[in-house]
Protein chains: 2
Amino acid sequence: MDKHYSKLCESLAVAIKRSGLANGGTISFHHHFREGDRVLLAVVGELARLGFRDLTLASSSLAEAHSELANYIEQGVIAKIYSSGMRGALADRISHGLMAEPVQIHSHGGRAALMETGEIHPDVAFIGVPSCDRLGNANGVSGQTRCGSLGYALVDVDYAGCVVLLTEELAPYPNHPASIRQDRVNLIVQMASVGDPSRIGVGATRVTKNPRDLLIARRAAQVLTGSGLFNEGFSVQTGSGAAAIATTRYLREQMSATQTKAAWALGGITGEMVDLYDAGLVGRLVDTQSFDLRAIDDLKTNPNHHEISAAEYANPLGLGAYVDELDMVVLSALEIDLDFNVNVLTGSDGVMRGASGGHCDTARGAKLAIVTAPLLRSRTPTVVEKVTTVITPGSDIAALVTDAGIAVNPNRPELHERLHALGLPLSPIADLLQRSIDIAGRPRSPEFGDKVVAVVRYRDGSVIDEVHEVLK
Amino acid sequence: MDKHYSKLCESLAVAIKRSGLANGGTISFHHHFREGDRVLLAVVGELARLGFRDLTLASSSLAEAHSELANYIEQGVIAKIYSSGMRGALADRISHGLMAEPVQIHSHGGRAALMETGEIHPDVAFIGVPSCDRLGNANGVSGQTRCGSLGYALVDVDYAGCVVLLTEELAPYPNHPASIRQDRVNLIVQMASVGDPSRIGVGATRVTKNPRDLLIARRAAQVLTGSGLFNEGFSVQTGSGAAAIATTRYLREQMSATQTKAAWALGGITGEMVDLYDAGLVGRLVDTQSFDLRAIDDLKTNPNHHEISAAEYANPLGLGAYVDELDMVVLSALEIDLDFNVNVLTGSDGVMRGASGGHCDTARGAKLAIVTAPLLRSRTPTVVEKVTTVITPGSDIAALVTDAGIAVNPNRPELHERLHALGLPLSPIADLLQRSIDIAGRPRSPEFGDKVVAVVRYRDGSVIDEVHEVLK
């Protein structure tokens, strides 16, 4: 690079122009700012103003905050989407047939794999960061709008033709730690705001006092500790959300009582996991996404809290993924069926309202993957005959833990035996389905049209399911 | 990767077999263990036993410890060499015509550029590390034979077809910090010893009491502080060797006296630089190569001591190099000529005895590059009419500092003016040459043959000079 070349662009429009992006190109984003993200819509809005058309949008995920994308799809600015999932008004519109091209839904590891095979090739990666220096050394832990780990973005940095950083703060050179290195960054634009810090952790770290949720969480912890894998030096991922947080707390009690320490915890790291570390109960935190401010601040200061890329986390085509080394993982479900197939994408109304995330990655990799869910949410059943959408194949799920009992996958007889010996309340999954029908009746299936609105890609890139248009 | 795939190989022979290396292929190495390295000869010896032929050896540099390579060249195992430099018996043999193909001499930044253009494509990178885990998460700061920064190897990791780690210790999973990440490592072999820790720092950190060297160092520090660039927040690289260490000490006195702090120091980091940090006189240490145990230990524990790759350090074709941001650098010379061209590769006898290193990279990048050298070493002159070999073009050298006076490059009149105003002893470089001739006479030129034994590549890959066979 000519030493007098400047990466700093005076505006987003200038950066877009210098990036060389053309109609029909692919733009990528990360979702570390979650519901607080202000980068994606700012960029797509500018692209619309500049008259761009037919772009492929490859975001590691999409949130309710991105509802306005529907307008840009209608205008023809965005023609195709890759994402781990979607929620809110955008998801509703797309589920009802907004797009001509189906959305491609991938897992976190699957996204890295799609980049590796070249199916996703970001012409320009637009990466929001709280701070970087004039050459692009950037991290997610310094500055005002901190998002912690930049794990998803690190994959884009490796594969994108052009990397544009959108930064809130310009730090003195050199800015360290440099999660993103200067020699991978083409252009930099300073923005007044890349995100709303108060909305980064929305929904991720709820603490529940709901007795049903606490019951499920306690049972989940009992399954983990009774599985035969709860041994000194084990590894675990519990994820985010109220049930996961509660499970982590019960697990902590057992770890503390038996002085059984985990070598490492993977995630999706939450403040609860940091508490485990601070209590000396886990040796290392391995972090592809920081779920709350406590996790973010810990990543900055704790030398045993490590940022990893989504490829390191879960790429099934790579040379080694953390998920494959996991002993146990706690997962959620919108639906789970008699074959233990899990749906975390579509609601029982057929509308998308979730994300594939690391679900099928960790389920495949971990020695023990359990799903926790209430038997009914209001009158919506979790256990169904056949899931609306398969995200994770049932063969990878060892057990379902509900408030009405625990169903062990028949392909895990040794787990059944262990949990039975512990006196835990076990039921065949068909019995849980029947219980649910007895209480709430059989749910009405939504009416689907022929049009495919989303294609679900398994982590290796293969098509595992399709989502059809919801007719009403 | 199949989760049951094991990267661990029971022997070097197995790793070589699994690597897919074929005759005529390219193998790469780093030189962070310097004179203590035991990896390169172990691998090449095994390749010889396995009958490999016509290999290209791309090592970031070669040391006296690698003399035995001459045998493998004679046997036809190694047909071509890329290196920053060479010393000792191997260099002597090659300078006298041992190889059919000329050695390609590159700078540290130039090596990254040759990888980026694809001229060097390591089929297999053999990377010695003190410790890694079973998936290859590795660093240079944990374990017995620590080498500190793995900066050179980080480039190989990005470009090699197959990455083989040779490790002394297998650390528990996951090993962090992970300078080399698991998803970039194909194979792992445990070795009894990857290096001799007592020889890593050999020659790099001598402390001099020689009054002539101290005079040069004091003057060098005066040039730096009087250059107009010695301002709060400046940046500096002083490198290793007795003169550099002494210069760093004098510079420190001035920084301390005037309370002028450097924002960052680049290197080639030595314990002296760590002292500067500890004294609060430098904000960050940016480290592509750790020269001594103090630097190595500091890299492990100091959050403001940062490991960078040789590409980040100096790649001229990349998106941003630290050398281009430098204010000042102190360099050495075996010879410097009337045009300020510098030779750090060949002795006055025409035999190779040095390395290009970061010389031309930093000289090009820094605002002020000065060369320190004694007027005479024994009776060998430093200032010559024309250097035996050009490594760094004179246009990038601002001044030569010797015990007999300071010569400012005529292309830097403003520097001349500043130093003159300070009363420093300035001489035209031609006067220094004359002084040297008056004392020691004109040196006899070596006799060279027609055969080209080495091609000197400038940092951008262009050929800047050739080294001819020494006839006697």
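Above this note sits the structure.
Let me sum up the structure you'll find in this document. Because the structure is a prediction, the values reported are computed rather than measured.

The rules behind the values
- Residues numbered from 1 in each chain as written.
- Chains lettered and ligands numbered in written order.
- Predicted model: local features only at pLDDT ≥ 70, side-chain atom pairs only at ≥ 80, totals over all residues.
- Heavy atoms only, no water.
- Least-squares fit on C-alpha atoms with pLDDT ≥ 70 in both.
- Contact = heavy atoms within 4.5 Å.
- Core = buried A, V, L, I, M, F, W, Y, C linked by side-chain atoms within 4.5 Å.
- Buried < 20%, exposed > 50% of the residue type's maximum accessible area, 1.4 Å probe, protein only.
- Helix = DSSP H or I, 4+ residues; strand = E, 2+ residues; numbered from the N terminus.
- Domains from an automatic or database assignment.
- Buried area = accessible area lost by both parts, 1.4 Å probe.
- Salt bridge = Lys/Arg side-chain N within 4 Å of Asp/Glu carboxyl O.
- Polar contact = N/O pair within 3.5 Å; in protein donor to acceptor, adjacent residues only side chain to side chain.
- Arc of directions from axis to C-beta.
- Phe/Tyr/Trp six-rings, centres within 6.5 Å; stacked < 30°, edge-to-face > 60°.

Quick look at the relation of the copies chain A and chain B
Part 1 of the reasoning: Expressed as a screw transformation, the operator carrying chain A onto chain B has a rotation angle of 180 degrees and an axial translation of 0.0 Å, and the superposed copies differ by an RMSD of 0.0 Å. Taken together, the turn and the small shift mark the pair as related by a two-fold rotation axis. By C-alpha distance to the rotation axis, the residue of chain A lying nearest is A:Pro303, at 4.4 Å.
Part 2 of the reasoning: Most of the interface of chain A is mirrored in chain B, where 100% of its interface residues are also at the interface.

So, the nonpolar core
Part 1 of the reasoning: Counting residues in each nonpolar core, the largest one holds 100 residues, and the members touching the most others are B:Ile27, B:Leu69, B:Ile78, B:Ile81, B:Ile94 and B:Ile180.
Part 2 of the reasoning: In terms of residue count, helix H2 (residues 39-49) of chain B provides more of this core than any other element does, seven residues in total.
Part 3 of the reasoning: Two domains each donate at least three residues to this core, and these are domain 1 (8-199) and domain 2 (211-446) of chain B.
Part 4 of the reasoning: Not counting residues up to four positions away in its chain, the partners in contact with B:Ile27 are B:Leu21, B:Val44, B:Leu47, B:Leu55, B:Thr56, B:Leu57, B:Ala58, B:Ile78, B:Val124 and B:Phe126.
Part 5 of the reasoning: A:Phe52, A:Val103, A:Val194 and A:Val344 belong to the second-largest nonpolar core, a separate cluster that totals 99 residues.

Things to note about the interface of chain A and chain B
Part 1 of the reasoning: Between chain A and chain B, the contact holds 37 residues from the first and 37 residues from the second.
Part 2 of the reasoning: Interface of chain A and chain B: buried area, both sides summed, is about 3,200 Å²; carbon and sulfur atoms make up 45% of it.
Part 3 of the reasoning: Inspection of the region where chain A meets chain B yields six salt bridges.
Part 4 of the reasoning: The shortest N-O distance in the salt bridge between B:Arg134 and A:Glu325 comes to 2.5 Å.

Here we look at the environment of A:His96
All names here are of chain A.
Part 1 of the reasoning: Take His-96: it is sitting in the loop between helix H4 (88-95) and strand S6 (103-105).
Part 2 of the reasoning: Along the chain, His-96 and Asp-431 lie 335 residues apart, while their C-alpha atoms are 34 Å from each other.
Part 3 of the reasoning: Among the polar contacts made by the side chain of His-96, one reaches the main-chain carbonyl oxygen of Asp-92 at a distance of 2.8 Å.

So, the pattern of salt bridges
Part 1 of the reasoning: Summed over the entire model, instances satisfying the criterion amount to 38 salt bridges over all chains.
Part 2 of the reasoning: Note that A:Asp158 and B:Arg184 form a salt bridge whose closest N and O atoms lie 2.4 Å from each other. Here A:Asp158 is found in helix H6 (residues 151-159), whereas its partner B:Arg184 is found in the loop between strand S9 (162-170) and strand S10 (187-190) on a different chain.
Part 3 of the reasoning: With relative accessibility at 35%, the residue A:Asp158 sits in the partly exposed group.

Some points on H4(A)
Within an α-helix, residues lying three or four positions from one another point in the same direction, as the helix has 3.6 residues per turn.
All names here are of chain A.
Part 1 of the reasoning: Restricting attention to buried positions, one finds in H4 the residues Leu-90, Ala-91, Ile-94 and Ser-95. Down the axis, H4 shows its buried residues gathered within 130 degrees of arc, on one side only.
Part 2 of the reasoning: Each element contacted by the buried residues of H4 is listed here: helix H3 (69-74), strand S4 (78-83), strand S5 (85-86), S6, strand S25 (448-457) and strand S26 (463-470).
Part 3 of the reasoning: At the C-terminal side of H4, Gly-97 shows a positive phi close to 100 degrees.

Side note on unusual backbone geometry
Part 1 of the reasoning: A:His176 connects to A:Pro177 through a cis peptide bond whose omega is 0 degrees.
Part 2 of the reasoning: Take A:Pro177: it is sitting in the loop between strand S9 (162-170) and strand S10 (187-190).
Part 3 of the reasoning: The phi dihedral of B:Gln259 is positive, around 50 degrees, even though this residue is not glycine.
Part 4 of the reasoning: One can find B:Gln259 in the loop between helix H8 (242-258) and strand S12 (262-269).

Concerning the packing of aromatic side chains
Part 1 of the reasoning: Applying the stated criterion across every chain, the model contains ten aromatic pairs over all chains.
Part 2 of the reasoning: Measuring from ring centre to ring centre gives 5.7 Å for A:Trp264 and A:Tyr322, while their planes differ by 75 degrees; the resulting arrangement is edge-to-face. Highlighted residues: A:Trp264 in strand S12 (residues 262-269) and A:Tyr322 in the loop between helix H11 (310-314) and strand S15 (328-331), separated in sequence by 58 residues.
Part 3 of the reasoning: Classification of A:Tyr322 as buried rests on a relative accessible area of 0%.
Part 4 of the reasoning: Ring pairing ties together the aromatic residues A:Tyr173, B:Trp264 and B:Tyr322, which thus form one cluster.

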